[in-house]
Protein chains: 2
Amino acid sequence: MFKNYDEMLAEAKSYSPMTVAVAGAEEESVLKALKRAEEEGLVKPLFFGGKEVILKLADNLSYKIEPSSLIDSGSPEICAFLAVQAVSSGKADIVMKGGIRTDILMKAVLNKEYGLRNRQVVSHVFFIKLPDYEKFLALTDGGINIAPDLPTQVEIIKNAVDFYNLVGLDLPKIAVLAPVETVNEKIPSTLYGAALSKMADRGQIKGCLIDGPLAFDNAISAYSAKEKNIHSKVAGSADLIFVSDIDMGNGLFKGLVYFGKGVPAAVVLGTKNPVIITSRADSSECKFFSIALNVLYAGRLRDRKLSE
Amino acid sequence: MFKNYDEMLAEAKSYSPMTVAVAGAEEESVLKALKRAEEEGLVKPLFFGGKEVILKLADNLSYKIEPSSLIDSGSPEICAFLAVQAVSSGKADIVMKGGIRTDILMKAVLNKEYGLRNRQVVSHVFFIKLPDYEKFLALTDGGINIAPDLPTQVEIIKNAVDFYNLVGLDLPKIAVLAPVETVNEKIPSTLYGAALSKMADRGQIKGCLIDGPLAFDNAISAYSAKEKNIHSKVAGSADLIFVSDIDMGNGLFKGLVYFGKGVPAAVVLGTKNPVIITSRADSSECKFFSIALNVLYAGRLRDRKLSE
């Protein structure tokens, strides 16, 4: 598996450009990221949104947009519908959120008629390469599932394991996050930690190593794990932090982004084609790397399909 | 209010040395922090724990301990009892956790006979000075209260406001953390955010500015708050992140400590004397600054008592 953004980018570039359907393209940082991604040969965008605004923003960025790739599309709901339909009909490979609300795009993605869901649960994984951590650190689910029950948690983990296996990591180390490393009935996250690690031991979840409950420091610092006498194949070198509710994950991840000096990227899992969701306040660099990561993901999904 | 550790240290040093009762002093990083604090004129320690081990560890650090300040005390429970009793009887000003478990010390601190509680709720506040944030950022409660109900949340905030007012900040800006900045019935933290900010508006909580729900980025980044069109006196420049459960707070804070390159310090509130609780894996520098912060707090508590 790629160890840094350079490696990730190189792997993504090994594929011919993917067509990205952008829902609500009238946002400067999205266009900036797409311009760079197009220049680097990663994507060919299809823009859905208000034609005039998009052309004006693109012009400011000296971004030349082919008229045939711009579909004047009215409301956010219509942009979302058209962009998702472009993917489900095979005209595009990836759908990307532009300047519309996440819930509007996700409603179209999850639509039963023309939507993209192909697994039981759709989930979200954040990735970040921090200067002080030797590999990518990921977190799921800090973006979509609010307070999943245990069966849903298992599906969220299975989604992530499938992704890791696809991008070349056979046994990702998954830390189930809690405020302490000991089991305490009053703290549900510690019970989930125990349950999920035992499920991995018993073969109910395969293709990964799971340990929990682990506090954040135990998960990522070998020193901290040692000081706490934690003997674990995961502690100190987690690939993925699993959070049992969105509250635990969202703030933690944003803290890492804002003060850890890393660039984040995200994937949505459980859909037959990649879905790129970034936040309005994310930098265009973050949006660019999310595009690259999803191009790589789309390529690997296609490789697997071809080999089946 | 102090803006960085130098200012905090200078304010703490304006008091004559405080007596610190250390429960379970047989831990190297605790002794190292106490040595520095004693050399800088902040404290005079009273050591409770295994005499021989403490003397040996101190010797390795070239730390000369007066025999009269070392009380050979057997089990962790007895260390905790004696250290807390030293404070409640007036022999010491501050109690500090050494190498014993937090729950053992807190049981003694909360004991109804000889304990130290003097407010409705005992709570925990983490402080950190991050290189990329212009002032201290604090978080409550990521250490003691697990999943407080609304009345308990109000008491946790009141404890923090009392502390801020005491150390010289009249209107601390408090952000109620959630994964999103919009109210969503399915996400309790967003409802707590709405409730607590309205309670501040109505004068049910005084001495502070509260806004919520705010996602972490909206709370600390003016850019992010602006991108999200959030108009708020708190967003972008929060002093204190309020978390409605320990899961949300603990991981976030540890993320800031491990990847944000700041030094943390902590206070326990709701007790008549300061209680220093640090984690075994915390650096001795973190322990030193926690001592300094609590010396300052002890001094201000004494000043207020004398002025009453």
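The structure presented is a predicted model; accordingly, all values stated were derived computationally and were not measured.

S.K.: Which residues make up the sheet that holds strand β6 (residues 137-140) of chain B, and what are the values?
M.R.: All names here are of chain B. Across the sheet, which stays open at both edges, the 6 strands sit in the order β8-β7-β9-β6-β5-β10 with mixed pairing between neighbours. Among the strands making up the open sheet, the edge pair consists of β8 (209-214) and β10 (263-269). Ignoring which end each strand starts from, the neighbouring axes of this sheet average 25 degrees apart. Bridge analysis of strand β7 (residues 173-177) against strand β9 (residues 240-242) gives 3 bridges, and the strand direction is parallel. Each residue of the ladder has a partner; that of Ala175, found in β9, is Ile241. Of the strands in this sheet, β7, β8 and β9 are in contact with helix α7 (residues 188-201), which crosses β8 at around 160 degrees.

S.K.: Give a description of the side chain of B:Ser29 that names residues and reports values.
M.R.: Here B:Ser29 lies in helix α2 (residues 28-39). Taking the relative accessible area as the measure of exposure, B:Ser29 reaches 17% and is therefore buried.

S.K.: Talk me through the pattern of salt bridges; I want residue IDs and the actual numbers.
M.R.: For the structure shown, the criterion picks out 30 salt bridges over all chains. With a closest N to O distance of 3.5 Å, A:Glu39 and A:Lys35 form a salt bridge. A residue pair is termed a helical-turn pair when its members lie 3 or 4 positions apart in one helix, as A:Glu39 and A:Lys35 do in helix α2 (residues 28-39) at 4 residues. A salt bridge links B:Lys13 to B:Glu40, with the shortest nitrogen-to-oxygen separation between them at 2.8 Å. With B:Lys13 in helix α1 (residues 5-13) and B:Glu40 in the loop between α2 and β2 (43-49), this residue pair connects regions lying 27 residues apart in the sequence. For B:Lys13, a relative accessible area of 39% corresponds to the partly exposed category. Given a relative accessible area of 26%, B:Glu40 falls into the partly exposed group.

S.K.: Before we move on, can you summarise the relation of the copies chain B and chain A with the specific residues and values?
M.R.: The two chain copies are related to each other by a rotation about an axis together with a translation along it. Expressed as a screw transformation, the operator carrying chain B onto chain A has a rotation angle of 180 degrees and an axial translation of 0.0 Å, and the superposed copies differ by an RMSD of 0.0 Å. What the rotation and shift describe, once combined, is the action of a two-fold rotation axis. Looking at the interface residues of chain B, 100% of them are also at the interface in chain A, so both copies use one shared face.

S.K.: Now, about the interface of chain B and chain A: what can you tell me, with residues and values included?
M.R.: Contacts between the two partners involve 37 residues from chain B and, on the opposite side, 37 residues from chain A. Carbon and sulfur atoms supply 64% of the area buried between chain B and chain A, which totals about 3200 Å² over both sides. At the surface where chain B touches chain A, the tally comes to 4 salt bridges. The shortest N-O distance in the salt bridge between B:Asp217 and A:Lys254 comes to 3.6 Å. On inspection of chain B and its partner chain A, the count reaches 4 residue pairs in polar contact (both at pLDDT 80 or more).

S.K.: Describe the packing of helix α6 (residues 150-166) of chain B against α7(B), and please don't skip the residues or the numbers.
M.R.: Residues and elements named next belong to chain B. At a minimum axis distance of 11 Å, the contact between α6 and α7 shows a crossing angle of 55 degrees. Viewed along their axes, α6 and α7 adopt a mutual orientation that is oblique. Where α6 crosses over α7, the handedness of that crossing is right-handed. Contact residues: Leu150, Gln153, Val154 and Ile157 in α6; Tyr192, Ala195, Leu196 and Met199 in α7. For the contact of α6 with α7, the residue count by class is 7 nonpolar, 1 polar and no charged.

Thresholds, definitions, all that
Residues numbered from 1 in each chain as written. Chains lettered and ligands numbered in written order. Predicted model: local features only at pLDDT ≥ 70, side-chain atom pairs only at ≥ 80, totals over all residues. Heavy atoms only, no water. Pairing = 2+ DSSP bridges. Helix = DSSP H or I, 4+ residues; strand = E, 2+ residues; numbered from the N terminus. Axes fitted to C-alpha atoms, helices over the stretch in contact; angles between N-to-C directions. Contact = heavy atoms within 4.5 Å. Buried < 20%, exposed > 50% of the residue type's maximum accessible area, 1.4 Å probe, protein only. Salt bridge = Lys/Arg side-chain N within 4 Å of Asp/Glu carboxyl O. Least-squares fit on C-alpha atoms with pLDDT ≥ 70 in both. Buried area = accessible area lost by both parts, 1.4 Å probe. Polar contact = N/O pair within 3.5 Å; in protein donor to acceptor, adjacent residues only side chain to side chain. Parallel < 35°, antiparallel > 145°, perpendicular 65-115°, else oblique. Left-handed = near helix turned anticlockwise from the far one by under 90°. Nonpolar A, V, L, I, M, F, W, Y, C, P; charged D, E, K, R; others polar.

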